[in-house]
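Spelled out, the chains give:
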Amino acid sequence: MKAHDGMYIDGAWRPAAGRDTIAVVNPADEQVIAEVPAGGAEDVDAAVRAARAALPGWAATAPAERAARIAALRDVLVARKEEIAETVTAELGAPLPFSQAVHAGVPILVAGSYAGLAASYAFEEKVGNSTVYAEPVGVVGAITPWNYPLHQIVAKVAPALAAGCTIVLKPAEDTPLTAQLFAEAVHEAGVPAGVFNLVTGVGPVAGQALAEHEGVDLVSFTGSTAVGRKIGATAGAAVKRVALELGGKSANVILPSADLARAVGVGVANVMGNSGQTCSAWTRMLVHTSQYDEAVALAAEAAAKYGDRIGPLVNAKQHARVRSYIEKGVAEGARLVAGGPEAPREQGYFVSPTVFADVTPEMTVAQEEIFGPVVSLIRYEDEDDALRIANGTVYGLAGAVWAGDEAEAVAFARRMDTGQVDINGGRFNPLAPFGGYKQSGVGRELGSHGLAEYLQTKSLQF
């Protein structure tokens, strides 16, 4: 798609207040493919004012009409699915088949789920002698990351629309073209002017201005825990609501009764998807000591199959960061059984699929989020030891448990300090709440729990 040279505010593309721009780089060949405006506080203020002006009308719109607009948006995304996939591949570097199936396909699924929820949600209920109303929280400032550029936008915008909120979106500076395409889709779907607004820019400028703006009632942010802390502090000072989906270091626990080959194979594939740039990736593989050597061999074999099947990392900074983590793993005594820090290609921000063995729970690669195609295998002695290791980080976003008996896996999963656990390779469910414990965040996305984040309650007594 051709990049817009302005912001989408109040139903139209308008020039940015300043002249600064952001270069969009294809991470596969390091070439600049577009430039978009780098917005600032003035652009954010115009967008928030438009959202506030549109709020009364949109909040008063019947849920059935809001559902119809979201359904129309889904239909536009379906019609432009190939363009979406090609755009994500160009600015993120994901292989086209992955972009088609995941980067374009999943947001369509999520948008459809919110079209249904907007029509069926109980926005009003009787409780004794009271009537309780669920009302929109107001203007939402949505700040989204680059790793799943369209999914993260839809996961915030669709429930906000369903709730009756208006939105100002500040997307990641690495993937603004996908956000511009989404703004076109919103316009084509007939969403009223001012209900959705887009400001491109960098986090410390446009993102900060959005989080601090007194006209924003809720900030929904997905990104690093470090930035999430700052946004939480800013919002707290203004007694402003936040929803934070932050980092992860998820454990993939393989119990002795599990199908080891399947558990290891699926576990490695889970990390390699999106080049490891997934906050919920199962980057710590926990294996019983009696099966550990076999699991290491299986993991190395599985990783080797992804050598030319994964895309690059998003930018030079991320490329250097992931390689430095691999170097640190080697320096701390972990054993490389696949991959390594050396760049596999002369051009592009590629990192080899990497597997570490002999990782101890205290090592950096077992504690910190790497955000690259790196799997760490950790041995455990018994289930209590496995649980201690699984819960032994500051994060609690996701995880997996494998066992021959489903009840055994469920019993272990119930003891994990994490927000979402897949049992024996459970499938993605767009209606299931997604979010973390501990420093992985505050609040939930997806399904009715995600919709509830954008609502506040009012009770009338009779």
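Because the structure is a prediction, the values reported are computed rather than measured. Per chain, residues are indexed from 1 in the order of the written sequence. Residue-level local features of this predicted model are given only where pLDDT is at least 70; pairs of side-chain atoms are given and counted only at 80 or more, and the full residue set underlies all totals for whole chains, interfaces and linings. For the side-chain quantities, the full set of heavy atoms in the structure was used; hydrogens and water were omitted.

1. Digging into the overall build of the protein chain
Note the cut-off: Counting from the N terminus, the helices are DSSP H or I runs at least four residues long and the strands are E runs at least two residues long. Radius of gyration: over C-alpha atoms. The globule rule applied is 2.2 Å multiplied by the number of residues raised to the 0.38 power. Relative accessible area decides the class of each residue, using a 1.4 Å probe on protein chains only: under 20% of the type maximum gives buried, over 50% gives exposed, and in between gives partly exposed. Every residue pair with non-hydrogen atoms within 4.5 Å of one another is taken to be in contact. A 1.4 Å probe and the Shrake-Rupley method give the accessible areas. Residues count as covered only by the protein chains that appear here.
Across its full length, the protein chain holds 15 helices and 22 strands. Here the C-alpha atoms of the protein chain give a radius of gyration of 22 Å, agreeing with the 23 Å that 2.2 N^0.38 yields for 462 residues. By principal-axis analysis of the C-alpha atoms, the protein chain measures approximately 65 × 60 × 40 Å. By the burial criterion, 57% of the 462 residues in the protein chain qualify as buried. Long-range contacts, defined here as pairs at least 24 residues apart, represent 73% of the contacts in the protein chain between residues at least 6 apart. Carbon and sulfur atoms provide 52% of the accessible area of the protein chain, an area that totals close to 17,900 Å².

2. Some points on the UniProt feature "domain: Aldehyde dehydrogenase" (unreviewed entry) in the protein chain
Test applied: UniProt positions are given in the numbering used here, feature names are shortened, and annotations may be inferred rather than shown by experiment.
Under the feature "domain: Aldehyde dehydrogenase" (unreviewed entry), the UniProt entry names residues 13–459. In residues 13–459, helix accounts for 43% and strand for 20%; the two terminal C-alpha atoms are 40 Å from one another.

3. Examining the environment of alanine 158
Within the fold, alanine 158 resides in helix α5 (residues 149–163). When its relative accessible area of 3% is taken as the criterion, alanine 158 is described as buried. Each residue touching alanine 158, except ones within four places of it in the same chain, is listed here: Ile70, Tyr114 and Ile153.

4. Some details on the packing of helix α2 (residues 63–79) against helix α4 (residues 96–120)
To keep things clear, this is the line we draw: Axis lines are fitted through C-alpha atoms, for helices just across the contact stretch, and the angle between N-to-C directions can take any value from 0 to 180 degrees. Every angle not falling under 35 degrees, over 145, or within 65 to 115 is termed oblique; those three ranges are roughly parallel, roughly antiparallel and roughly perpendicular. Put simply, a crossing is left-handed when the front helix is turned counterclockwise from the back one by less than a right angle, and right-handed when it is turned clockwise. The residue classification treats Ala, Val, Leu, Ile, Met, Phe, Trp, Tyr, Cys and Pro as nonpolar and Asp, Glu, Lys and Arg as charged. All others, Gly included, are polar.
The contact between α2 and α4 brings their axes to 8 Å, and the two run at 165 degrees. As far as their axial angle goes, α4 and α2 are roughly antiparallel. Crossing of α2 against α4: the hand is left-handed. Contacts between α2 and α4 involve Pro63, Ala67, Ile70, Ala71, Arg74, Leu77 and Val78 from the former and Ile108, Ala111, Gly112, Tyr114, Ala115, Ala118 and Ala119 from the latter. Considering only residue class, the contact of α2 with α4 consists of 12 nonpolar, one polar and one charged.

5. Description of the pattern of salt bridges
Rules: When a carboxyl oxygen of Asp or Glu is within 4 Å of a side-chain nitrogen of Lys or Arg, the pair counts as a salt bridge.
Scanning all chains against the criterion turns up 14 salt bridges. Between arginine 52 and aspartate 217 there is a salt bridge, with its nearest N and O atoms 3.0 Å apart. One end of the pair, arginine 52, is in helix α1 (residues 41–59); the other, aspartate 217, is in the loop between α7 (203–212) and β10 (218–222), and 165 residues separate them in sequence. For aspartate 217, a relative accessible area of 26% puts it in the partly exposed group. We note a salt bridge from glutamate 188 to arginine 80, for which the minimum N-O separation is 3.9 Å. With a gap of 108 residues between them, glutamate 188 in helix α6 (residues 176–188) and arginine 80 in the loop between α2 and α3 (81–92) connect regions that are remote in the sequence. With a relative accessible area of 16%, arginine 80 lands in the buried category. Here the salt bridges do not stand alone but share partners, grouping Arg80, Glu83, Glu184 and Glu188 into one network.

6. Overview of the sheet that holds strand β12 (residues 251–254)
Pairing between the strands of a sheet is mediated by backbone hydrogen bonds and can be parallel or antiparallel. Worth spelling out the cut-off: By the convention used here, strands pair only if DSSP detects at least 2 bridges between them.
Taken in spatial order, the seven strands make up an open sheet running β14-β15-β16-β13-β12-β18-β19, and their pairing is mixed. The sheet terminates laterally at β14 (335–338) and β19 (422–423), the two strands that pair on one side only. Of the pairings in the sheet, the one linking strand β15 (residues 354–357) to strand β16 (residues 374–380) comprises three bridges and is parallel in character. If you follow phenylalanine 356 over to β16, its bridge partner there is serine 376. Across the face of the sheet, helix α9 (residues 260–272) comes into contact with β12, β13 (284–288), β15, β16 and β18 (399–402) while running at roughly 170 degrees to β12. Sheet strands in contact with helix α10 (residues 292–304) are β13, β14, β15 and β16, and its direction is about 170 degrees off that of β16.

7. Thoughts on the confidence of the model for the protein chain
For clarity, the cut-off: Every residue carries a pLDDT, the predictor's confidence in it, which falls somewhere between 0 and 100.
Summarising the model, the protein chain shows a mean pLDDT of 97, and 100% of its residues fall at 70 or more. Ranking the elements of the protein chain by mean pLDDT puts helix α8 (residues 225–237) last with 93 and strand β9 (residues 196–198) first with 99.

8. What about the UniProt feature "active site" (unreviewed entry) in the protein chain?
Listed under "active site" (unreviewed entry) in the UniProt record, and renumbered for this structure, are Glu245. Within the element layout of this structure, glutamate 245 appears in strand β11 (residues 241–245). With a relative accessible area of 4%, glutamate 245 lands in the buried category.

9. Concerning the sheet that holds strand β5 (residues 124–127)
Taking strand neighbours across the sheet as the criterion, the three strands line up as β5-β6-β22 in an open arrangement whose pairing is antiparallel. Every interior strand has two partners, whereas the edge strands, β5 and β22 (455–461), have only one. Going across the sheet, the axis of each strand differs from the next one's by a mean of 25 degrees, ignoring polarity. Of the strand pairs in this sheet, strand β6 (residues 130–136) and β22 are connected by seven bridges, and their pairing is antiparallel. Counterpart to threonine 131 in the pairing with β22 is leucine 460.

10. What about the nonpolar core?
Heads up, the condition is: Nine residue types can take part in a nonpolar core, namely buried Ala, Val, Leu, Ile, Met, Phe, Trp, Tyr and Cys, and a core is a set of them joined through side-chain atoms within 4.5 Å.
In terms of nonpolar packing, the biggest core is built from 65 residues, with Leu161, Phe182 and Phe196 touching the most fellow members. Apart from residues lying up to four places away in sequence, phenylalanine 196 is in contact with Tyr8, Val157, Ile167, Leu169, Phe182, Ala183 and Val186. Counting 29 residues, the second largest nonpolar core, distinct from the first, contains Val253, Ala334, Ala386 and Ile389.

11. A few points about unusual backbone geometry
Even without glycine at this site, valine 239 takes up a positive phi of about 50 degrees. In this fold, valine 239 is placed in the loop between α8 and β11. Taking the relative accessible area as the measure of exposure, valine 239 reaches 77% and is therefore exposed. The phi angle at serine 275 is positive, at roughly 60 degrees, despite the residue not being glycine. Mapped onto the elements, serine 275 comes out in the loop between α9 and β13.

12. Side note on the pairing of β10
Each regular strand shows side chains that alternate between the opposite faces of the sheet. Stated formally: When the strands point away from the viewer, a crossover counts as right-handed if the path from the first strand over the helix to the second runs clockwise.
Within β10, five of the five residues are buried, which leaves it mostly tucked inside the rest of the structure. Every second residue of β10 is oriented toward a common face, with Leu218, Ser220 and Thr222 on one face and Val219 and Phe221 on the other, all of them buried. Sheet topology places strand β7 (residues 139–143) next to β10; four bridges connect them, and they run parallel. Its bridge partner being in β10, valine 140 is matched across the sheet by leucine 218. After leaving β10, the chain enters α8 and then returns to the sheet as β11, a path that is right-handed.

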